Amino acid sequence: MTEIEKIKKLTGESNEELLSLLYDDAKEFVLSYTNRTKLIPPLEKPTRDITIVAYNRRGTEGEAGRSEGGESYSFDNAPKQIYDILHRYRLARVGGKTYEAKTKQD
């Protein structure tokens with residue numbers, strides 16, 4: 001099952017083009033945040049989770065909070081557990097360069 005198919009099942013959304021766009025943005029964010037060039041298997045779930053957060057936040061972009069009908073909502077960038085995983089796989093920069101292990105597929 002592809003990541004887009006998993007996201008479709010989790011969200012109930014049938015628009016693959018929208019989900020692909022959100023997934024690509026989430027993937028770019030994860031790669032940039034972790035200083036990596038390729039998405040490794042342990043980062044697939046956080047990427048999927050960020051995609052779902054972005055999907056659920058459509059229409060509230062730029063808002064820090066909202067109050068409607070006596071109910072208050074506040075928005076975080078992403079849940080802490082996602083950042084905990086991203087921190088674990090983040091590559092450090094040494095002398096302005098990032099060293100990523102080469103795999104046999106490279």
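What this report covers is the structure whose coordinates are included nearby. Note that this is a predicted model, so its numbers are computed, not measured.

1. A closer look at the side chain of Glu3
With respect to the helices and strands, Glu3 occurs in helix α1 (residues 3–11). A polar contact of 2.6 Å, which involves the side chain of Glu3, links it to the side chain of Arg48. Among all residues touching Glu3, those that are not within four sequence positions of it are Tyr23, Glu44 and Arg48.

2. Here's the deal with helix α2 (residues 16–34)
Residues spaced three or four apart along an α-helix face the same direction, because each turn holds 3.6 residues. Compared with the 27 Å implied by 1.5 Å per residue over 19 residues, the 26 Å span of α2 between its first and last C-alpha is a close match. Structurally, α2 contributes buried residues whose contacts are with α1, α3 (44–56) and α4 (80–88). Structurally, the start of α2 carries an N-cap: the backbone nitrogen of Glu17 is 3.1 Å from a side-chain oxygen of Asn15. Of the residues one or two after α2, Asn35 is the one with positive phi, at around 60 degrees.

3. Points about the packing of α3 against α4
Interaxial distance between α3 and α4 falls to 10 Å at its minimum, and their mutual angle equals 145 degrees. In the crossing of α3 with α4, the sense of the turn from one axis to the other is left-handed. Residues Pro46, Asp49, Ile50 and Val53 of α3 form the contact with α4, whose participating residues are Ile82, Ile85 and Leu86. For the contact of α3 with α4, a count of residues per class yields six nonpolar, no polar and one charged.

4. Remarks on α3
Here α3 contains 13 residues, and its C-alpha end-to-end distance of 18 Å stays within 8% of the 18 Å for a straight helix at 1.5 Å per residue. Inspection of α3 places Pro46, Thr47, Arg48, Ile50, Thr51, Ile52 and Tyr55 among the buried residues, and these make up the whole buried set. Contact partners of the buried residues in α3: α1, α2 and α4.

5. Some points on the packing of aromatic side chains
Scanning the entire structure with this criterion turns up three aromatic pairs. Measuring from ring centre to ring centre gives 6.5 Å for Phe29 and Tyr83, while their planes differ by 85 degrees; the resulting arrangement is edge-to-face. In this pair, Phe29 is assigned in helix α2 and Tyr83 in helix α4, connecting sequence segments 54 residues apart. Taking the relative accessible area as the measure of exposure, Phe29 reaches 33% and is therefore partly exposed. Taken together, the ring pairs in this structure connect Phe29, Tyr33 and Tyr83 into an aromatic cluster. Over the aromatic face of Tyr33 sits the side chain of Arg90, whose NZ or CZ is 4.2 Å from the ring centroid.

6. Some words on the nonpolar core
Val30, Leu39, Ile50 and Leu86 are the most contacted members of the largest nonpolar core, which has 17 residues in total. Going through the elements one at a time, α1, α2, α3 and α4 are the ones with two or more residues in this core. Among the elements that line this core, the one with the most residues is α2, at seven residues. Aside from chain neighbours lying at most four places away, what touches Ile50 is Ala26, Phe29, Val30, Ile82 and Leu86.

Definitions and limits used
Residues numbered from 1 in each chain as written. Predicted model: local features only at pLDDT ≥ 70, side-chain atom pairs only at ≥ 80, totals over all residues. Heavy atoms only, no water. Helix = DSSP H or I, 4+ residues; strand = E, 2+ residues; numbered from the N terminus. Polar contact = N/O pair within 3.5 Å; in protein donor to acceptor, adjacent residues only side chain to side chain. Contact = heavy atoms within 4.5 Å. Expected span 1.5 Å × (residues − 1). Axes fitted to C-alpha atoms, helices over the stretch in contact; angles between N-to-C directions. Left-handed = near helix turned anticlockwise from the far one by under 90°. Nonpolar A, V, L, I, M, F, W, Y, C, P; charged D, E, K, R; others polar. Buried < 20%, exposed > 50% of the residue type's maximum accessible area, 1.4 Å probe, protein only. Phe/Tyr/Trp six-rings, centres within 6.5 Å; stacked < 30°, edge-to-face > 60°. Lys NZ or Arg CZ within 6 Å of the ring centre and 35° of its normal. Core = buried A, V, L, I, M, F, W, Y, C linked by side-chain atoms within 4.5 Å.

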